[in-house]
Structures are given as structure tokens and as C-alpha cells.
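Coordinate analysis (summary)
Each chain, letter by letter, is given below.
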Amino acid sequence: MTKEDLRIVFFGTPEFAVESLRAIDEAGYNIAGVVTMPDKPAGRGHRMYQSPVKEYAAARGLRLMQPARLKDPAFIDELRSLEADLFVVIAFRMLPEAVWTMPPLGTFNLHGSLLPRYRGAAPINRAVMNGDTETGVTTFFLKHEIDTGDIIDRESISVGPDDTAGDVHDRLMAIGARLTLKTIGDIVAGTLETIPQDSLTAGTEPTPAPKIFHDDCRIDWTRTAREIHNHVRGLAPWPGAWTRVALEDGTEGEMKILATSACADALPGLSPGTAAMAGGRLMAGTADGCIEIVTLQAPGKRRMSAAEYMRGLRRDSLTFG
């Protein structure tokens, strides 16, 4: 089978998926259809939001499907009518069995971790939040349980101590596109040798990577400086780590802490959650010393440097909680 003969349906929604869709398209494969989420209202004006995958597919004139329900018989029939040989899934919803079992060559997924580590919705954030020094991408065939299918291929990258989730996301997005193309090529050539994930766990439990909720982003100032730094960079640039802060009028608000840095020296007298200016920098106490607050976003304010915020506040200390 040639790449022109191979009929592919692509499933995806965010920017992370677009790079792989573009790579498949530019490589000359026959994209029979693209499936993405329905448009939805977003922002203060409730303007209809189109997914990045939809924007790319529409610009390229690719056949587009946006089912509200993946088990809708009309969608299943339309999908079957495309007579696709292979489904490729990247950053999409969980597919029903009636969908992922449809193509004769199977359905594979590109996942943003080195499976079986970080199964779930937030693998990139969780890896950085946990201070991992290595992560990567994996292609695997879908099966009933989420992110548990047999591994096709993996590629790893190193993660630096100051890399943010955004940094890692962008690198994995590019590497993932290459791995997606390689996987499709191996499927066409019939050279695949898959590996069951159970054979890689060696008696250890796979690492979960559950969806991140608002409360998960709150900073615990009783943790160590390194743990707090990992927490902040693992949530940067989105959704952003946050802390409660005492405001000038006596009320409390939520402040986002968007970037931190290690302190060269501990600042005496800083208890966990107490922040003070020292040498033009805002230092906050932790379980084992202090951490510098580099960038923040106060309630109702724009993103700014901590030093700029403190100059405008005309105070030299804050209390976090």
C-alpha cells in the first residue's frame, strides 16, 4: 500500500495535535477526514471558539466532522462511509469501541509521555510538576482502558530544572509529529513490533496523570523551595499556580505565581508563606529556605514582574496562604 492509497482519519483538538496533522498532510498522505470538537462559546464576549485542528483543516479544505456525541449513529455511519484504513488520535476525547475498532489497520494514539508513565489527561504538566528530568512521546494502539494499549514507538527528551510545561509541550509537539509520521510509515511497511505496557512496568504501578483542577494549582508554602518551583513551572504558562494573598483593603484574593527562581541565600526570618523584598527581589519563605517570586499576576491586574508589582503596592512584604 502506498501513502496515496492509505486513507487516514485524524482525530484531534488543540495546538499539540495540529503539528502532527500538518506533518501527515505535507507528507502527502490521503486524509479522508478530520474529527474535532464542536465549536463552543469562550471568553467574555462568548464568541464561538474553533479548535486549532478545525482551523487547520478548514484552511486546507479537508473534510471536517464535529460530532456532539461520538456514539451518535449518524456520525458512526458517516465515519464508516469514509472507508478509512487507519485512524490517528492526538489529544482528543476517549473514543467508543465502535469507533476505534473500525479501521482495518487499527487506531493509534500519540501521547505526551513515556508510557506507562503518566497515563491520563495532563502528562506534560504532571511530569514537570513532579520534577522529572526525562519525558517524551509514545505512539500506541488503542484498547478499552485509557492509555494502556500496546506501545508502537517512543522518543524521549531531557527536562531541565527551569523548563516550564510550555517549553516541554512545544518540544514534544515537534518530536511527536515526527514520531507520528514514523509510526504511519511503519504501519504501511508492515514492520511494526509492538510492546505490551505490562512488560515495561516490572511490578511497579503506572504513573497517573489526572486532569488538573483549580485546587490542584494552589501552592503549598510548607513544601520545599524545589517542590514549589517545580509546581509553578509545571503549571506555566497555563493554567498557572496560585496562592491566597492578603490585600491592602484587608480582604484576600488569588494571586497567580507565574515564574520563580532559586534563592542564592536564605532570607532570615521568612516563615513559609511570608514574602519580603530584598535587594530589589521578592523572596518567599518555604519549608527549607526561600524562593524568589519572579513573575506574578495579582487579582484584576495584568501579568508583571514581582518587583514592578511591589513598587506599585508601596509595600515591602506580603502574606501568602
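Before going further, it helps to spend a moment on the environment of F141. Residue position: F141 is located in strand β8 (residues 134–141). As a C-alpha pair, F141 and I90 span 51 residues in sequence and 12 Å in three-dimensional space. Setting aside residues up to four positions removed in sequence, F141 forms contacts with L105, G106, T107, F108, G149, D150, I152, I187, L192 and T194.

Running from amino to carboxyl end, helix α1 (residues 15–26) crosses helix α6 (residues 165–189) at an angle of 35°, the nearest separation of the two axes being 8 Å. Relative to α6, the crossing made by α1 is right-handed. Between α1 and α6, the residues in contact are E15, F16, E19, S20, A23 and I24 and H169, L172, M173, A174, G176, A177, T180, L181 and I184, respectively. Residue classes in the contact of α1 with α6 are distributed as nine nonpolar, four polar and two charged.

The subject of this paragraph is the side chain of R119. As for its position among the elements, R119 is in the loop between β7 (107–111) and α5 (123–129). Buried and unpaired, R119 has no salt bridge, with D198 as the nearest side chain of opposite charge at 4.9 Å. A polar contact of 2.8 Å, which involves the side chain of R119, links it to the side chain of Q197. What R119 contacts, discounting residues up to four positions off in sequence, is H111, I146, D147, T148, Q197, P206, T207, P208 and A209.

Attention now moves to the pattern of salt bridges. Taken as a whole and assessed by the stated rule, the structure comprises 16 salt bridges. Between E19 and R22 there is a salt bridge; the shortest N-O distance is 3.3 Å. Here R22 and E19 lie together in helix α1, a separation of three residues that amounts to about one turn. Exposure remark for R22: the relative accessible area of 28% places this residue in the partly exposed category. Taking the shortest distance from any N to any O, the salt bridge between D132 and R117 comes out at 3.0 Å. Placement of D132 in the loop between α5 and β8 and of R117 in the loop between β7 and α5 is noted, with a sequence separation of 15 residues between them. On the accessibility criterion, D132 (14% relative accessible area) is buried. For R117, a relative accessible area of 39% gives the class partly exposed.

Parameters at a glance
- Residues numbered from 1 in each chain as written.
- Predicted model: local features only at pLDDT ≥ 70, side-chain atom pairs only at ≥ 80, totals over all residues.
- Heavy atoms only, no water.
- Helix = DSSP H or I, 4+ residues; strand = E, 2+ residues; numbered from the N terminus.
- Contact = heavy atoms within 4.5 Å.
- Axes fitted to C-alpha atoms, helices over the stretch in contact; angles between N-to-C directions.
- Left-handed = near helix turned anticlockwise from the far one by under 90°.
- Nonpolar A, V, L, I, M, F, W, Y, C, P; charged D, E, K, R; others polar.
- Buried < 20%, exposed > 50% of the residue type's maximum accessible area, 1.4 Å probe, protein only.
- Lys, Arg positive; Asp, Glu negative; His and termini not counted.
- Salt bridge = Lys/Arg side-chain N within 4 Å of Asp/Glu carboxyl O.
- Polar contact = N/O pair within 3.5 Å; in protein donor to acceptor, adjacent residues only side chain to side chain.

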